[in-house]
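So the chains spell out like this:
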Amino acid sequence: MRLDKLLAHRGYGSRKEVKEFIRKGYVSVNGTIVFDDDTKINEKEDEVYFLEENVPYEEKVYLWFYKPKGYVCANFDPTEPTIFEFFRKIPTKNLFSVGRLDKDTTGLLLITNDGILSHRLLSKKSAVPKTYEVTFTGTVRDESLFSQGMTLEDGSVCLPACFTLLSSGVAHLTIYEGKYHQVKRMMAMQGCSVISLKRISFAGISLPQELSEGEYRTLTSEEIRFLKAI
Ligand code: URA
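Here the structure is a predicted model, which means the values were calculated and not measured.

The rules behind the values
Residues numbered from 1 in each chain as written. Predicted model: local features only at pLDDT ≥ 70, side-chain atom pairs only at ≥ 80, totals over all residues. Heavy atoms only, no water. Pairing = 2+ DSSP bridges. Helix = DSSP H or I, 4+ residues; strand = E, 2+ residues; numbered from the N terminus. Core = buried A, V, L, I, M, F, W, Y, C linked by side-chain atoms within 4.5 Å. Buried < 20%, exposed > 50% of the residue type's maximum accessible area, 1.4 Å probe, protein only. Domains from an automatic or database assignment. Contact = heavy atoms within 4.5 Å. Near = heavy atom within 4 Å. Polar contact = N/O pair within 3.5 Å; in protein donor to acceptor, adjacent residues only side chain to side chain. Areas by Shrake-Rupley, 256 points an atom, 1.4 Å probe, with all protein chains shown as cover.

Enquirer: Is there a simple way to explain the sheet that holds strand β2 (residues 32–33) in this structure?
Expert: Taken in spatial order, the four strands line up as β2-β1-β3-β4 in an open sheet, and their pairing is antiparallel. The open sheet has two edge strands with one neighbour each: β2 and β4 (53–55).

Listed below in structure tokens is the structure:
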């Protein structure tokens, strides 16, 4: 593939502009600055940098998805329908969800092929907030346990969470990690049973109002920039 074509496709400018950038020495291939705007590269193997920035071979895709009930978040499952049935029209093959929601959980999921961003957002260090609307039966025994950092039934300790009771049996719970079935297990420790769970925000970004269950939209460039800055 031509180097100027790759750069133009990745949004570094028009073909004319990126040729100029190459001639100015802004672009390196495998650690060597190239000045020839006719340079051809093997886009699958060569490492291209525009100034300090790695230029990805594959275009990055970032989607907000409103997950409906009844789908698992695995890329493949032998028996259950997966959320990736909704993304058949997206040409990229390497999409995955950033974290997982249970089959019966609805709400906001970030879908991408950007492994670096995903890794960052899922890392313990980032402590990205995830807020759930929880509908439950029972009465919460001791609300303060949420903010203190609750110990689960297997002895694992949760980071302090934020619980807000909205009405009888309906609450918002914000957690900063993603342990297996974490919300259901936290509620169980309080003597409550979750009836339904909906993720209403991720990293401080709310489930877009214009989306219905099963729909997705691309992130705005501001949203992508915000997430990359976490
Ligand atoms: N916690 C749960 O228990 N389930 C989810 O799907 C997400 C968080």
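Enquirer: What exactly am I supposed to notice about the nonpolar core here?
Expert: Nonpolar side chains in soluble globular proteins generally cluster together in the buried interior. Grouped together as the largest cluster of nonpolar side chains are 30 residues, with contacts concentrated most on I111, L173, M186 and M187. Counting only elements with at least two residues in this core, the list comes to β5 (62–67), β7 (106–112), β8 (130–137), β10 (170–175) and α5 (182–189). When residues of this core are assigned to domains, at least three map to each of domain 2 (62–124 + 208–228) and domain 3 (130–202). Residues in contact with I111, not counting those within four places in the same chain, are V61, Y62, L63, F65, I83, F84, F87, L95, F96 and S97.

Enquirer: How should unusual backbone geometry be read in this particular structure?
Expert: Glycine aside, the phi torsion of most residues is negative, and most peptide linkages are trans. Of note, the phi angle at N30 is positive, near 50°, even though the residue is not glycine. As for its position among the elements, N30 is in the loop between β1 (27–29) and β2. We classify N30 as partly exposed; its relative accessible area is 47%. Of note in this structure, A203 is not a glycine but carries a positive phi near 55°. With respect to the helices and strands, A203 occurs in the loop between β11 (193–202) and β12 (205–206).

Enquirer: When you look at the pairing of β11 in this model, what are you seeing that I'm missing?
Expert: Working note: regular strand, side chains alternate between the two faces of the sheet. Sheet topology note: the β7/β11 ladder contains two bridges and is parallel. By the bridge assignment, T106 is partnered in β11 with K198. Pairing of β8 with β11 involves eight bridges; the strand directions are antiparallel. Its bridge partner being in β11, T137 is matched across the sheet by S193.

Enquirer: Please explain the site of the ligand as it appears in this structure.
Expert: Taken together, the residues surrounding the ligand are L101, D102, T105, Y132, H181, Q182, V183, K184 and L197. T105 places a side-chain nitrogen or oxygen 2.8 Å from an oxygen atom of the ligand. Between H181 and the ligand, the recorded distance is 3.2 Å, taken from a backbone N or O atom to an oxygen atom. Compared with its free state, where it exposes 240 Å², the ligand has 96% of that area covered by protein. Looking at the shell around the ligand element by element, the count peaks at three residues for α5. The two domains that each donate at least three residues to the shell around the ligand are domain 2 (62–124 + 208–228) and domain 3 (130–202).

Enquirer: Mind showing me how you'd approach the environment of Y180 here?
Expert: With respect to the secondary-structure elements, Y180 resides in the loop between β10 and α5. As a C-alpha pair, Y180 and L101 span 79 residues in sequence and 9.4 Å in three-dimensional space. A polar contact of 3.1 Å, which involves the side chain of Y180, links it to the side chain of H181.

Enquirer: Would you explain α5 in this entry?
Expert: Helical geometry: 3.6 residues make up each α-helical turn, so side chains three or four residues apart lie on a common side. Those residues of α5 that sit buried are Q182, V183, R185, M186 and M187. Lining the buried residues of α5 we find β8, α4 (144–148), β9 (162–167), β10 and β11. Count one or two residues on from α5 and you reach G191, which has phi positive near 80°.

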